[in-house]
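Listed below are the residues making up each chain.
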Amino acid sequence: MTAPFYSLSATRVWVEDFVVARDVCPFAGRELSRDTIRLREVNASDWESALLTLVDECRHLDATPDVETTLLVLVPGVEDFDDYLDLLAVAEALLAQQGYEGIYQLASFHPDYCFENAEPEDAANFTNRSPWPMLHLLREANLEEALAHYPDPEAIPERNIVEMRRLGGDSLGEALSALRDGAP
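1. Concerning the packing of helix α3 (residues 47–63) against helix α4 (residues 81–97)
Think of two packed helices as two axes; the pair is described by the angle between the axes and how far apart they sit. Between α3 and α4, whose axes approach to 11 Å, the crossing angle comes to 45 degrees. Taken together, α3 and α4 sit at an angle that is classed as oblique. In this structure, α3 crosses over α4, and the sense of that crossing is right-handed. Between α3, through W47, L51, L54, V55 and C58, and α4, the contact on the second element is made entirely by D83, D86, L87, V90, A91, L94 and L95. Looking at the contact of α3 with α4 residue by residue, the class counts come to 10 nonpolar, no polar and 2 charged.

2. Re the nonpolar core
Counting 26 residues, the largest nonpolar core has L54, L74, Y84, L95, L106, L135 and L137 as the members making the most contacts within it. Elements represented by at least two residues in this core include exactly α3, β2 (69–74), α4, β3 (104–109) and β4 (134–139). Residues V15, V75, M164 and L172 belong to the second largest nonpolar core, which totals 24 residues.

3. Things to note about the sheet that holds β2
Strand order in this open sheet of 4 strands is β1-β2-β4-β3, and the pairing throughout is mixed. Looking at the sheet topology across the chains shown, the edges are occupied by β1 (37–42) and β3. This sheet shows a mean twist of 20 degrees between the axes of neighbouring strands, independent of strand direction. Helix α1 (residues 6–20) rests against β1, β2, β3 and β4 of the sheet, and its axis sits at about 140 degrees to β1. Packing against the sheet, α3 makes contact with β1, β2, β3 and β4, and its axis sits at approximately 160 degrees to β1.

4. Section: the side chain of E68
Relative to the helices and strands, E68 resides in the loop between α3 and β2. Buried charged residue E68 carries no salt bridge. Nearest counter-charge: R139, at 4.6 Å. A polar side-chain atom of E68 sits 2.9 Å from a polar atom in the side chain of N142. Leaving out residues up to four positions away in the same chain, E68 has contacts with E31, T36, R139 and N142.

5. A word on the side chain of T36
The topology assignment puts T36 in the loop between α2 (28–34) and β1. Its relative accessible area of 5% is what places T36 among the buried residues. For T36, the side chain forms a polar contact with the side chain of E31, separated by 2.4 Å. What T36 contacts, discounting residues up to four positions off in sequence, is E31, D66, V67, E68 and T69.

6. Side note on α3
The end-to-end C-alpha distance of α3, which contains 17 residues, comes to 24 Å, matching closely the 24 Å that a straight helix rising 1.5 Å per residue would cover. Listed as buried for α3 are A50, L51, T53, L54, V55, E57, C58 and L61. If you follow the buried residues of α3, they end up packed against β1, β2, α4, β3 and β4. Regarding α3, its N-cap is D46, as a side-chain oxygen of that residue lies 3.2 Å from the backbone nitrogen of E48 further along.

Calculation criteria
- Residues numbered from 1 in each chain as written.
- Predicted model: local features only at pLDDT ≥ 70, side-chain atom pairs only at ≥ 80, totals over all residues.
- Heavy atoms only, no water.
- Axes fitted to C-alpha atoms, helices over the stretch in contact; angles between N-to-C directions.
- Helix = DSSP H or I, 4+ residues; strand = E, 2+ residues; numbered from the N terminus.
- Parallel < 35°, antiparallel > 145°, perpendicular 65-115°, else oblique.
- Left-handed = near helix turned anticlockwise from the far one by under 90°.
- Contact = heavy atoms within 4.5 Å.
- Nonpolar A, V, L, I, M, F, W, Y, C, P; charged D, E, K, R; others polar.
- Core = buried A, V, L, I, M, F, W, Y, C linked by side-chain atoms within 4.5 Å.
- Buried < 20%, exposed > 50% of the residue type's maximum accessible area, 1.4 Å probe, protein only.
- Pairing = 2+ DSSP bridges.
- Lys, Arg positive; Asp, Glu negative; His and termini not counted.
- Salt bridge = Lys/Arg side-chain N within 4 Å of Asp/Glu carboxyl O.
- Polar contact = N/O pair within 3.5 Å; in protein donor to acceptor, adjacent residues only side chain to side chain.
- Expected span 1.5 Å × (residues − 1).

Function-wise, these values are silent; they only describe arrangement.
Okay, here's the thing in structure tokens:
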């Protein structure tokens, strides 16, 4: 287990130094500078509790429109990527059951993220790799609005894949490991 809240500070560094600095998400820099990204550490070893926290976080976003997005950092509990995917599927179904489909969208990040039909060592997987497993809650309407004003949003994933492959899996993996293993 990580030191209390170390995963949150390291996740913030990941957002700053990876997501924003490499323009992986062209919208994250604005939200980072506006301080509208909420980070929460969630113990995912108890799925029921973790899923209740997810619903609570939706309610928090409902009540707090000045918070744009939430990253739920899942430590410990879903270190295995297949376990994480199982939790993600349950989380998406729960959001729909709770009436949040079309309101919030889940983006997924994991240290071992691997796209379907991709090789695990393909550096393209780093577009969705993070220091720890995460569920990222996004306001769907705000995301659609941002995409509507962004030139050629369909090109973002391909541009990211090209950049990750240019940077190389070894250096990207070392950077994630350094965040996970660093001292608070």
